[in-house]
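# Overview (structure and organization)
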Amino acid sequence: MSTRPVALVTGASAGIGEAIARRLAADGHDLVVVARSADRLAVLAKDLEAEHGGDVEVLVADLTDGEQLARVEARLGDPDRPIDLLVNNAGYGTVGTFVEMPADREENEIALNVVALMRLTHAALGPMKERKRGAILNVSSLAGQQPTPGMATYGATKAFVTSFTMAVREEVRGSGIRITVLAPGFTNTEFQARAGVDEIGVPGILLQSPDEVAKAGLDALTKDNAIVVSGWLNWAAATATKVVPTSVVRRVTSLVMKRSKVT
Ligand SMILES: NC(=O)c1ccc[n+]([C@@H]2O[C@H](COP(=O)([O-])OP(=O)(O)OC[C@H]3O[C@@H](n4cnc5c(N)ncnc54)[C@H](OP(=O)(O)O)[C@@H]3O)[C@@H](O)[C@H]2O)c1
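Residues numbered from 1 in each chain as written. Predicted model: local features only at pLDDT ≥ 70, side-chain atom pairs only at ≥ 80, totals over all residues. Heavy atoms only, no water.

## Description of the overall build of the chain
Counted only if it meets this: In this description a helix means any DSSP run of H or I spanning at least four residues, a strand means any run of E spanning at least two, and both kinds are numbered starting from the N terminus. C-alpha atoms define the radius of gyration, and 2.2 Å times the number of residues to the power 0.38 defines the globule rule. Exposed residues in this analysis have more than 50% of their type's maximum accessible area, buried residues have under 20%, and partly exposed residues fall in between, with area computed by a 1.4 Å probe over protein chains only. By definition in these notes, contact holds between two residues if any of their heavy atoms fall within 4.5 Å. Note on areas: Shrake-Rupley, 1.4 Å probe, and residue coverage restricted to the protein chains presented here. Only four residue types enter the charge count, namely Lys and Arg as positive and Asp and Glu as negative; His and the chain termini do not. Just so you know, the charge point we use is NZ for Lys, CZ for Arg, CG for Asp and CD for Glu.
Scanning the chain from N- to C-terminus turns up nine helices and nine strands. Relative to the globule expectation of 18 Å for 263 residues, the C-alpha radius of gyration of the chain, 18 Å, shows essentially globular dimensions. Taken over the C-alpha atoms alone, the chain extends approximately 55 × 40 × 35 Å along its principal axes. Looking at the 263 residues of the chain, the share that counts as buried comes to 48%. Relative to all contacts within the chain whose residues are 6 or more apart in sequence, the contacts with residues 24 or more apart total 70%. For the chain, the computed accessible surface area is about 12800 Å², with 56% contributed by carbon and sulfur atoms. Across the chain, the 28 positively charged side chains and the 31 negatively charged ones have centroids separated by 6 Å.

## Re the site of the ligand
The test is simple: We call a residue near a molecule or strand as soon as one heavy atom of that residue lies within 4 Å of the molecule or strand. Polar contacts, as counted here, are pairs of nitrogen or oxygen atoms within 3.5 Å of one another; within protein the pair requires one atom able to donate a hydrogen and one able to accept it, and residues that are adjacent in sequence qualify only if both atoms are side-chain atoms.
Looking at the ligand, there are 31 residues lining it, with Arg36, Ser37, Tyr154, Thr189 and Arg194 nearest. Residue Lys158 places a side-chain N or O atom 2.9 Å away from an oxygen atom belonging to the ligand. Interatomic distance of 2.6 Å between a side-chain N/O atom of Thr189 and an oxygen atom of the ligand. Isolated, the ligand exposes 890 Å² of accessible area, and the fraction of that covered by the protein chains is 97%. Of all the elements in the fold, those that place two or more residues in the shell around the ligand are α1 (15-26), α5 (152-171) and α6 (191-194). The dominant element in the shell around the ligand, judged by the number of residues it contributes, is α6, at three residues.

## Regarding the packing of aromatic side chains
Keep this limit in mind: When the centres of two rings from Phe, Tyr and Trp lie within 6.5 Å, Trp using its six-membered ring, the rings pair. Their planes under 30 degrees apart give stacked, over 60 give edge-to-face, and anything left gives tilted.
Counted by the stated rule, this structure contains two aromatic pairs. Between Tyr154 and Phe191 the ring centres are 5.2 Å apart and the planes differ by 55°, which places this aromatic pair in the tilted class. In this pair, Tyr154 sits in helix α5 while Phe191 sits in helix α6, placing the two residues 37 residues apart along the sequence. An angle of 15° between the planes, with centres 5.3 Å apart, marks the rings of Phe160 and Phe164 as stacked. Of this pair, Phe160 and Phe164 both sit in helix α5, separated by four residues, roughly a single helical turn.

## Examining the pairing of strand β5 (residues 134-139)
Where we set the bar: Only when DSSP finds a minimum of two bridges between them are two strands counted as paired. Whether a crossover is right-handed depends on one test, that the path from the first strand over the helix to the second runs clockwise when the strands point away from the viewer.
Within β5, six of the six residues are buried, which leaves the element mostly enclosed by the surrounding structure. Taking every second residue as pointing to the same face, both faces of β5 are buried, with Gly134, Ile136 and Asn138 on one and Ala135, Leu137 and Val139 on the other. The pairing of strand β4 (residues 85-88) with β5 spans four bridges and is parallel. Counted as the bridge partner of Leu86 is Ile136 from β5. Regarding topology, helix α4 (residues 103-131) serves as the crossover connection from β4 to the parallel β5, and that connection is right-handed. As paired strands, β5 and strand β6 (residues 177-183) are joined by six bridges and run parallel to one another.

## Let's talk about the sheet that holds strand β2 (residues 30-35)
Strands pair in a sheet through their backbones, by hydrogen bonds, and they do so in one of two ways: parallel or antiparallel. Which entries qualify depends on this criterion: A fitted line through C-alpha atoms serves as each axis, taken over the contacting stretch for helices, and the angle formed by two N-to-C directions is quoted from 0 to 180°.
Spatial strand order, β3-β2-β1-β4-β5-β6-β8: seven strands in an open sheet with parallel pairing. Edge strands, defined here as strands with exactly one partner in the open sheet, are β3 (56-60) and β8 (227-229). Direction aside, neighbouring strands of the sheet carry axes that sit 15° apart on average.

## Let's talk about unusual backbone geometry
One non-glycine residue with positive phi stands out, namely Lys132, at about 60°. Position of Lys132 among the secondary structure elements: in the loop between α4 and β5.

Below, the structure written as structure tokens:
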């Protein structure tokens, strides 16, 4: 049986989650990779096993479906195959004026970004508490730092992720478990296309690569930091939201969002 640490990464079939999975495999982890796209996960697993020699288990699941989510919770709770690190990364955003968007898609966004993340954190923490060790990296967003007109539901889901994760982190202080929030800014992934955005309204200098974001998150987790905003420009923007009046922050956020071209 392998003695390597095991990490379960959600949303590992693309973007930031795939970059995190690649870094963890290179760093000597066995993996459980979770997403809906069985074909993409199979290619990733084959690739990582060939490159790094560890075990990569594919767990196909739509985390917005109760039964499929329960299978991932059960995997996290399996006493015979403990998980050392959970990365709650799967998520999507919807862009547009709230009232004009289908309510079902907004609800589904909450099911993935909030409910699944909360349940998987819960499922992972029990066994970690018993073993007195473990780590969780929850992927939030710069959009969770303030109300985000044009992405109202998304911003609110990410505000939940940040607040919830920081609170649980405090609850497990001294237990041997590390919990960190990763708050990326604009990152070059499939996120924008999935959100129906043709052109994002920010200069290219603000756009990070998934691997830069993955590195920032994993480094922060290693250092046991509470939160990391990836990229110094994003960090400056996040810091500004704390000192500038909230009415100004809302206006500026709204103007940035209006510059994005939605299909
Ligand atoms: N890109 C950005 O600018 C940005 C900025 C801040 C924060 N973030 C956050 O970063 C995280 C990763 O996003 P990304 O940019 O890497 O986006 P991405 O390239 O679109 O990847 C999203 C991942 O989530 C998975 N996923 C989507 N719906 C799912 C579902 N119902 N069940 C299971 N898996 C699902 C997708 O896989 P399948 O389609 O195969 O299921 C994919 O692996 C998200 O939480 C996002 O909110 C992104």
